[in-house]
Amino acid sequence: MNATLSTQETSVRVWSSYVRLFHWSLVLCVAVAWLSSGEIMKVHELAGYCAGVLIASRLVAGLAGSGYTRFDQFVRGPRMVRSYLADVAHGRERRYLGHNPAGGAMVLALVICIAGIALTGWMQTTDAWWGVAWVEDMHKVLGNGILVLIGLHVGGVVLASLRHGENLVRAMVTGRKRAPSPEDVA
């Protein structure tokens with residue numbers, strides 16, 4: 001019991017239940033959609049629709065939510081993202097309690113890419129857009145692009161976990177991260 005109290009005292013809640021449920025549900029939807037692509041189209045479409053609904057809910061939460069859920073808490077401009085990445089390259093990046101500037105940019109890239117995949121997938125089910133080559137091509141390009149983004153995202157999570165000595169995957173499960181020190185960005 002003392003270990004639990006000690007952990008509670010040295011950690012803070014960062015990720016809400018909504019953010020964690022959204023994140024892992026989206027991981028599942030993207031994995032199922034990718035694995036069922038071209039094989040089990042009903043499953044592929046259902047996973048895509050679910051991902052689209054999740055993205056829509058995340059947009060609402062990002063604009064109207066609270067704390068670390070809000071986009072204005074973690075979305076930074078290109079100059080700050082470049083500066084942060086330069087600090088990463090030199091091993092001097094600061095720890096952020098929420099998303100760091102590169103992580104915020106990745107959230108936007110993932111949301112935009114998945115929204116594009118869901119939109120072009122839906123378009124292909126309509127009479128107006130079925131069989132239109134550029135819609136099919138864009139769906140495939142975005143579908144492959146998401147794999148690149150996922151690889152970069154996982155790489156960033158691993159790098160930040162190692163650099164800052166905290167398990168960010170566990171934080172996305174528990175919602176808790178190490179309490180900030182004075183040099184961290186809360």
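Criteria and cut-off values
- Residues numbered from 1 in each chain as written.
- Predicted model: local features only at pLDDT ≥ 70, side-chain atom pairs only at ≥ 80, totals over all residues.
- Heavy atoms only, no water.
- Helix = DSSP H or I, 4+ residues; strand = E, 2+ residues; numbered from the N terminus.
- Buried < 20%, exposed > 50% of the residue type's maximum accessible area, 1.4 Å probe, protein only.
- Polar contact = N/O pair within 3.5 Å; in protein donor to acceptor, adjacent residues only side chain to side chain.
- Contact = heavy atoms within 4.5 Å.
- Patch = residues over 30% accessible without salt bridge, like charges linked within 9 Å, V, L, I, M, F, W, Y side chains within 5 Å.
- Areas by Shrake-Rupley, 256 points an atom, 1.4 Å probe, with all protein chains shown as cover.
- Salt bridge = Lys/Arg side-chain N within 4 Å of Asp/Glu carboxyl O.
- Phe/Tyr/Trp six-rings, centres within 6.5 Å; stacked < 30°, edge-to-face > 60°.
- Lys NZ or Arg CZ within 6 Å of the ring centre and 35° of its normal.
- Disulfide = S-S within 2.5 Å.
- pLDDT = per-residue confidence, 0-100.
- Core = buried A, V, L, I, M, F, W, Y, C linked by side-chain atoms within 4.5 Å.
- Axes fitted to C-alpha atoms, helices over the stretch in contact; angles between N-to-C directions.
- Parallel < 35°, antiparallel > 145°, perpendicular 65-115°, else oblique.
- Nonpolar A, V, L, I, M, F, W, Y, C, P; charged D, E, K, R; others polar.

Participant: Break down the side chain of Thr120 for me, with residues and values.
Facilitator: Position of Thr120 relative to the elements: it lies in helix H6 (residues 101–123). Take Thr120: its relative accessible area is 5%, and that puts it in the buried class. Among the polar contacts made by the side chain of Thr120, one reaches the main-chain carbonyl oxygen of Ile117 at a distance of 3.2 Å. Setting aside its immediate chain neighbours within four residues, Thr120 contacts Val135, Met138 and His139.

Participant: Kindly report on a nonpolar patch on the surface, identifying the contributing residues and their values.
Facilitator: Together, Trp34, Leu35, Leu147, Ile150, Val154, Val158 and Leu162 give the surface a local cluster of nonpolar side chains, amounting to about 690 Å² of exposed area. Looking at the nonpolar patch, the elements with two or more residues in it are helix H2 (17–36) and helix H7 (133–164). Here the nonpolar patch takes five residues from H7, the largest share from any one element.

Participant: Quick one: what's the story with the packing of aromatic side chains, residue by residue and with numbers?
Facilitator: Counting across every chain of the model gives five aromatic pairs. Between Trp15 and Tyr68, the ring centres sit 6.3 Å apart and the planes meet at 70°, which makes this aromatic pair edge-to-face. Here the residue Trp15 occupies a position in the loop between strand S1 (11–13) and H2, and Tyr68 occupies one in the loop between helix H3 (41–64) and helix H4 (71–74), the gap between them amounting to 53 residues. Residue Trp15 shares its accessibility class with Tyr68, and that shared class is buried. Seen in terms of ring centroids, Tyr18 and Phe22 are 6.1 Å apart; in terms of plane orientation they differ by 25°. Their pairing is stacked. Separated by four residues within a single helix, Tyr18 and Phe22 lie in helix H2, roughly one turn from each other. Exposure remark for Phe22: the relative accessible area of 10% places this residue in the buried category. The aromatic ring of Phe22 is capped on one face by Arg58, whose charged end is 6.0 Å from the ring centroid.

Participant: Pulling in residues and values, what's your account of the state of the cysteines?
Facilitator: With the rule as written, the count across this model stands at zero disulfides. Distance from the sulfur of Cys113, which forms no disulfide, to the nearest cysteine sulfur (Cys29) is 15 Å.

Participant: Kindly report on the confidence of the model for the protein, identifying the contributing residues and their values.
Facilitator: When pLDDT is averaged across the protein, the result is 93; 95% of the residues are at 70 or more. Under a pLDDT of 50 for its full length, residues 1–6 has, in the predicted model, zero contacts with residues more than four places off or in other chains.

Participant: Let's hear about the nonpolar core: which residues, and what values?
Facilitator: By size, the foremost hydrophobic cluster in this structure holds 19 residues, and its most contacted members are Leu26, Ile55, Cys113, Ile114, Ile146 and Leu149. Of all the elements in the fold, those that place two or more residues in this core are H2, H3, H4, H6 and H7. Formed by seven residues, the second largest nonpolar core is a distinct cluster that contains Val14, Trp15, Val19 and Ala171.

Participant: An account of the pattern of salt bridges is requested, with residue identities and associated values reported.
Facilitator: With the rule as written, the count across this model stands at six salt bridges. Here Arg163 ties to Glu93 by a salt bridge, and the two come within 2.8 Å at their closest N and O atoms. You can see Arg163 sitting in helix H7 and its partner Glu93 sitting in the loop between helix H5 (78–89) and H6, a full 70 residues away along the chain. Judged by relative accessible area, Glu93 falls into the buried class, the value being 10%.

Participant: Describe the packing of H5 against H6, with residues and values.
Facilitator: Axis separation between H5 and H6 bottoms out at 8 Å; the angle between their running directions is 125°. The pairing of H5 with H6 is recorded here as oblique in orientation. Across the interface between the two elements, Met80, Val81, Tyr84 and Leu85 from H5 touch Pro101, Ala102 and Ala105 from H6. Per-class residue counts for the contact of H5 with H6 are seven nonpolar, no polar and no charged.

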